[in-house]
Amino acid sequence: MASPKLSVIIPVHNESANVRPLCERLFPVLNRIGLAWEVVFVDDGSRDDTLDVIRSISTTEPQIGAVSFSRNFGKEIAIAAGLDHARGDAVVIMDADLQHPPEMIEAFVERWQQGYDMVYGQRTDRSDETRVKRGFAHLFYRLFSRFGEISLPEGAGDFRLIDRKGVDVLRTLGEKARFSKGLYAWIGFKDAGVPFVVEERRFGTSKWSFRKLFRFAFDGIAAFSTVPLRIWTYLGFLISFLSIAAALFFFVRTLLFGTDLPGFPSLIVSIMFFSGIQLMSLGIIGEYVGRIFAEVKRRPLYVVAERIGATAEVSNSLVPDNYLLRQA
Ligand code: UDP
Ligand code: MG
């Protein structure tokens, strides 16, 4: 079989009821596109018969493959495994629950063929979600764009197509606390959004509890910002500054009106001053921890999209593999 041009990665966790309906809708779309394709399921430690269903489909559809985890590692890791196993020149990531309409893949591929390396589905409304959840999602995007080192397009999720160049870079990013959405944005490349409406989950329930979403949001911010570590410097500075203002205030008041409780002002002022100093020193430690964190993530310094002219020949032997991309 010719090596596939288009790979579709689908992380699945207890989705046995969804796999068949998904395949029935997905395969005709892929056949219509006309490129050689494959589907890579990543079974993220399902406890139901998801893997058996996939196995039985694969007996009649040779383009279907699966990687099965020994336990549940989470969707982010499942996506990473999918990227490792996909062979296509373009890779599509989608959910198994039919919330991501397979027909969109045609639009993705069209954009890709126009030269976009990253085509993401952009959800136009979140009315399927509760108000609270939407509120938090919005808050997250606000916080992230304020403090994160990169900008995330709002409404863009994991449903997307990534060119081989991008996939190769993503695979070099070995960080363990993975926030894929951030990584997609971090690698850069020419991108385009295609609006779509999220459908209802077909069978089963969402695997994301509120607690998990919170954890996820925190992971996202922590992976792309050191502000939470450094904020204490400013707070400490502010408190120490206020303590000096308080000292002045007590001084003037004592001169004018005498003392009502001897010892109280000096106690308050020194408590404030020293808690400020302590916060500041935490913040300074935070500065260094932040740098250590940035170093241990070992992200490449830069990502090259293309080389032109004589430069294209020189660099290959000088630039470490990680930073290299296949020549287009
Ligand atoms: N998923 C996974 N591992 C997990 C949780 C979810 O592989 O630990 C898969 C799940 O099977 C589905 C996709 O990730 O294909 C999205 O999950 P879900 O629909 O529960 O999330 P939501 O749509 O509510 O964000
Ligand atoms: Mg879903």
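Residues numbered from 1 in each chain as written. Chains lettered and ligands numbered in written order. Predicted model: local features only at pLDDT ≥ 70, side-chain atom pairs only at ≥ 80, totals over all residues. Heavy atoms only, no water.

### As for the overall build of the chain
In step 1: Within the chain, the regular secondary structure consists of 11 helices and seven strands.
In step 2: Since a compact globule built from 328 residues should have a radius of gyration of about 20 Å, the 26 Å found for the chain marks it as more spread out than a globular shape.
In step 3: Expressed along its principal axes, the backbone C-alpha trace of the chain runs to roughly 90 × 55 × 35 Å.
In step 4: Partitioning the intrachain contacts of the chain with sequence separation of at least 6 by distance along the chain shows that 80% fall at a separation of at least 24.
In step 5: Here the chain has roughly 18,100 Å² of accessible surface; of this, 60% comes from carbon and sulfur atoms. (Helix = DSSP H or I, 4+ residues; strand = E, 2+ residues; numbered from the N terminus. Rg over C-alpha atoms; globule rule 2.2 N^0.38 Å. Contact = heavy atoms within 4.5 Å. Areas by Shrake-Rupley, 256 points an atom, 1.4 Å probe, with all protein chains shown as cover.)

### Let's talk about the coordination of the magnesium ion (ligand 2)
In step 1: Taken together, D97 (OD) and Q99 (OE1) make up the full set of protein donors to the magnesium ion (ligand 2), lying 1.9 Å away.
In step 2: Residue classification places D97 among the buried positions, given a relative accessible area of 3%. (Donors = N, O, S within 2.8 Å, 3.2 Å for Na, K, Ca; no water. Buried < 20%, exposed > 50% of the residue type's maximum accessible area, 1.4 Å probe, protein only.)

### Describing the sheet that holds strand 6 (residues 156–163)
In step 1: Spatially, the seven strands line up as an open sheet ordered 3-2-1-4-6-5-7, and their pairing is mixed. Because the sheet does not close on itself, it has two edges, and the strands there are strand 3 (64–68) and strand 7 (191–196). Each adjacent strand pair in this sheet contributes to an overall mean axis angle of 20 degrees, direction not counted.
In step 2: Where strand 1 (residues 6–12) lies against strand 2 (residues 37–43), seven bridges are found, and the strand directions are parallel. Paired with I9 across the bridge in strand 2 is V40.
In step 3: Contacting strand 1, strand 2, strand 3, strand 4 (90–93) and strand 6, helix 3 (residues 75–85) crosses the sheet at an angle of about 155 degrees to strand 1.
In step 4: Contacts from helix 6 (residues 164–172) reach strand 4 and strand 6, with the element oriented near 115 degrees to strand 6. (Pairing = 2+ DSSP bridges. Axes fitted to C-alpha atoms, helices over the stretch in contact; angles between N-to-C directions.)

### Quick notes on unusual backbone geometry
Comment: phi is negative for the bulk of residues other than glycine, and the bulk of peptide bonds are trans.
In step 1: For F189, which is not a glycine, the phi torsion comes out positive at approximately 75 degrees.
In step 2: As for its position among the elements, F189 is in the loop between helix 7 (180–187) and strand 7.
In step 3: For F189, a relative accessible area of 17% translates into the label buried.
In step 4: The backbone of R298 shows a phi angle near 50 degrees, a positive value even though the residue is not glycine.

### A look at the nonpolar core
In step 1: Membership of the largest hydrophobic core comes to 35 residues, with the highest contact counts inside it found for L6, I10, V39 and F41.
In step 2: With eight residues, helix 1 (residues 16–33) is the single largest residue contributor to this core.
In step 3: When near neighbours in sequence (up to four residues on either side) are disregarded, V39 contacts V8, I10, L26, F27, L30, Q63, I64 and G65.
In step 4: Judged by nonpolar contacts, the second largest core, of 33 residues, contains A78, L83, L152 and L170. (Core = buried A, V, L, I, M, F, W, Y, C linked by side-chain atoms within 4.5 Å.)

### A closer look at the UniProt feature "transmembrane region" (unreviewed entry) in the chain
In step 1: Per the UniProt annotation, the sites labelled "transmembrane region" (unreviewed entry) are residues 231–252 and 264–289.
In step 2: With 100% helix and 0% strand, residues 231–252 has its two end C-alpha atoms placed 32 Å apart. (UniProt positions renumbered as here; feature names shortened; annotations may be inferred.)

### Notes on the site of ligand 1
In step 1: If you check the shell around ligand 1, you find 16 residues, and the closest are E15, D44, D97, S206 and K207.
In step 2: The contact in question runs from an oxygen atom of ligand 1 to an N or O atom on the backbone of A96, over 2.9 Å.
In step 3: In the environment of ligand 1, an oxygen atom lies 2.6 Å from a nitrogen or oxygen atom belonging to the side chain of D97.
In step 4: Contact with the protein chains covers 90% of the free accessible surface of ligand 1, which is 530 Å².
In step 5: In the shell around ligand 1, the residues fall into four nonpolar, five polar and seven charged. (Near = heavy atom within 4 Å. Polar contact = N/O pair within 3.5 Å; in protein donor to acceptor, adjacent residues only side chain to side chain. Nonpolar A, V, L, I, M, F, W, Y, C, P; charged D, E, K, R; others polar.)

### Observations regarding the layout of surface pockets
In step 1: Considered as a void within the structure, the second largest pocket measures approximately 220 Å³ in volume.
In step 2: Lining of the second largest pocket is provided by 13 residues; of these, A294, K297, R298, R299 and P300 occupy positions nearest its centre.
In step 3: Split by residue class, the lining of the second largest pocket holds six nonpolar, three polar and four charged. (1 Å grid on protein atoms, 1.4 Å probe; cavity = no way out; pocket = protein on both sides within 12 Å on 5 of 7 lines; lining within 4 Å. Points joined across faces, edges and corners; volume = space filled by probe spheres on them.)

### Examining the packing of aromatic side chains
In step 1: Taken as a whole and judged by the stated rule, the model has 15 aromatic pairs.
In step 2: Pairing F69 with F73 gives two aromatic rings, centres 5.3 Å apart and planes at 80 degrees, and the pair type is edge-to-face.
In step 3: Assessed through its relative accessible area of 36%, F73 is described here as partly exposed.
In step 4: Here F140 and F179 contribute two aromatic rings whose centre-to-centre distance is 5.9 Å and whose plane-to-plane angle is 70 degrees, an arrangement assigned as edge-to-face. Linking F140 in helix 5 (residues 131–147) with F179 in the loop between helix 6 and helix 7, this pair joins segments that are 39 residues apart in sequence. Accessibility assignment for this pair places F140 and F179 in one class, buried.
In step 5: Following the ring pairs from residue to residue traces out a cluster consisting of F140, Y141, F144, F179, F216 and F224.
In step 6: We note R71 situated over the ring of F73; from NZ or CZ to the ring centre the distance is 3.9 Å. (Phe/Tyr/Trp six-rings, centres within 6.5 Å; stacked < 30°, edge-to-face > 60°. Lys NZ or Arg CZ within 6 Å of the ring centre and 35° of its normal.)

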